[in-house]
Amino acid sequence: MAPQGRLLIRGGRVVNDDFSQVADVLVEDGVVRALGRDLLPLGDAAPGLRILDAAGKLVLPGGIDTHTHMQFPFMGSQSVDDFYQGTKAALAGGTTMIIDFAIPQKGSSLVEAFETWRSWADPKVCCDYSLHVAVTWWSDQVKEEMKTLAQDKGVNSFKMFMAYKGVYMVQGAQVHAGAKKMLALGITGPEGHELCRPEAVEAEATLRAITIASAVNCPLYVVHVMSKSAAKVVADAKREGKVVYGEPIAAGLGTDGTHYWSKEWRHAAHHVMGPPLRPDPSTPGFLMNLLANGDLSTTGSDNCTFNTCQKALGKDDFTKIPNGVNGVEDRMSVIWEKGVHSGKMDENRFVAVTSTNAAKIFNLYPKKGRIAVGSDADIVIWDPEATRRISAKTHHQAVNFNIFEGMVCHGVPLVTISRGRVVYEAGVFNVAAGDGKYVPRKPFAESVYKRIKQRDQTCTPTPVQRAPYKGEVFTLKSRE
Ligand code: URP
Ligand code: ZN
Ligand code: ZN
Ligand code: ZN
């Protein structure tokens, strides 16, 4: 195989979020060195230059999956796609970066959780990654640690749970009474999981988060927007001018919650995730419409996979089914099929919602999320016309089920390039554990914080200047 130092991607249609152009892309030392027509005079015979023919194909910024949980210890189990297999599968699907979650137990150090996740991920990752950190409890120590993480560790996003009371949630309660009621009704199967977490609960939690964040002028990123009701709440807030971003996930865009009523327990259980998929079958199309028109901003997968034997921890009680579904491998193809092939969004919006917007919001742009001179060469050569049938039999993930089983998607990644190296090509990997890198993220991403900073200056209330009142003041009677 030719050395991987230099690559020329020739004649493809280079798609960024704002513009497409037919151009060659020259890659050297992991970054894009040149972009333009007919770069080949640089030398057909140039030593060590590998030429990839992309004529008739699209050349896209690699996908950024904003939401994964690889090898996550959760609900008494651990998700089976680890940082090796999960990130390999990501590459096969055209995703070149994931953002996972370091989640401390209540009372535990956030920095320690961050270091623990780093020690799991660093030796295993096949693509670049970053970490959000969860705030599962509150104290002065937590406050200080958030500062340390932001200043020294490259963390600029913190997750607050609105569910998992007593485990990850800082305060509050919603779901427990509902679960008790379902079990009392004899509903022990996966349908109970949805029935005790109706859309209205998700919408209420979303509105509460938006209200609190906007009251303190803090930007808010709403993970896994699963329902029409929650999506409408995000859209309304955005239209009111709030700095809020909504993230639907591959599962919610590609399938729905009718599966919880499947007669086959295994099938139903493999769809259990929190918040649940919604049984209203118009939900995926609705979420895609909002993603296309800008009301929703990014896409993740919430990839958190459990094998059937793990799901079976809840075979007699849906509350014990480990929550989580797949999506890291199939996110790009599912969105191409349901979003672009359907005619809802164009190729540029596809790039925005699968890569660029995430890079902008999480301060990775334009190193990630763009094909431009100086950007990391995280690139996918994409065939928009080819199709593939998704199946657990052929996917690259560890999990023994695929929620998109049988779905035929237009939009197939032919070649995936990570930091300038061809890591996946025609079904063959050329990548090793640890080839990916941790990507630190500086705080205060411009595209998010320009408005926030301006509001801090101009929207802080000021007192009305008035002459002091000089008149009579009523005397309060002291209480006996
Ligand atoms: O079901 C899910 N989503 N599992 C992972 C944990 C979370 O809340 O994202
Ligand atoms: Zn089904
Ligand atoms: Zn969550
Ligand atoms: Zn999650």
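Reading guide: rules and limits
- Residues numbered from 1 in each chain as written.
- Chains lettered and ligands numbered in written order.
- Predicted model: local features only at pLDDT ≥ 70, side-chain atom pairs only at ≥ 80, totals over all residues.
- Heavy atoms only, no water.
- 1 Å grid on protein atoms, 1.4 Å probe; cavity = no way out; pocket = protein on both sides within 12 Å on 5 of 7 lines; lining within 4 Å.
- Points joined across faces, edges and corners; volume = space filled by probe spheres on them.
- Nonpolar A, V, L, I, M, F, W, Y, C, P; charged D, E, K, R; others polar.
- Buried < 20%, exposed > 50% of the residue type's maximum accessible area, 1.4 Å probe, protein only.
- Helix = DSSP H or I, 4+ residues; strand = E, 2+ residues; numbered from the N terminus.
- Arc of directions from axis to C-beta.
- Donors = N, O, S within 2.8 Å, 3.2 Å for Na, K, Ca; no water.
- Pairing = 2+ DSSP bridges.

K.L.:
An account of empty space enclosed by the protein is requested, with residue identities and associated values reported.
P.N.:
Under the counting rule described, the total for this entry stands at 2 cavities of 30 Å³ or more. Taken as a whole, the largest cavity encloses approximately 50 Å³ of empty space. Forming the walls of the largest cavity are Pro61, Gly62, Ile64, Thr96, Ser355, Lys367, Lys368, Gly369, Arg370, Asp376 and Asp378. Looking at the lining of the largest cavity residue by residue, the class counts come to 2 nonpolar, 4 polar and 5 charged. Considered as a void within the structure, the second largest cavity measures approximately 40 Å³ in volume. The wall of the second largest cavity is formed by His270, Thr305, Phe306, Lys311, Gly324, Val325, Asn326, Val399, Phe401 and Ile403. Split into classes, the residues belonging to the lining of the second largest cavity amount to 5 nonpolar, 4 polar and 1 charged.

K.L.:
Describe helix α4 (residues 176–184), naming the residues involved and giving the relevant values.
P.N.:
For α4, the complete set of buried residues consists of Gly178, Ala179 and Met182. The buried residues of α4 all sit within an arc of 100° when viewed along its axis, so they share a single face. Among the exposed residues of α4, those pointing more than 90 degrees away from its buried face are His176, Ala177, Lys180, Lys181 and Ala184.

K.L.:
Let's hear about the coordination of the zinc ion (ligand 4): which residues, and what values?
P.N.:
At the metal site, the zinc ion (ligand 4) is ligated by His67 (NE2), His69 (NE2) and Asp302 (OD), and these contacts range over 2.0 to 2.2 Å. In primary-sequence terms, the residues that donate to the zinc ion (ligand 4) follow H-x1-H-x232-D. Between the zinc ion (ligand 4) and the zinc ion (ligand 3) the interatomic distance comes to 3.5 Å. One end of the pair, His67, is in strand β6 (residues 63–68); the other, Asp302, is in the loop between α10 (283–293) and α11 (308–311), with 235 residues separating them in the sequence. We note that His67, like Asp302, is buried.

K.L.:
I'd like to hear about the pairing of strand β15 (residues 408–418), residue by residue, with values.
P.N.:
Extensive coverage of β15 is indicated by the burial of 9 of its 11 residues. Here 8 bridges tie strand β14 (residues 379–389) to β15, and the two strands are oriented antiparallel to one another. Residue Arg388 lies in a different strand from β15, and its bridge partner there is Cys409. Here β15 runs beside strand β16 (residues 421–425); their pairing, made up of 4 bridges, is antiparallel. Residue pairing across strands places Val415 opposite Glu425, the latter belonging to β16.

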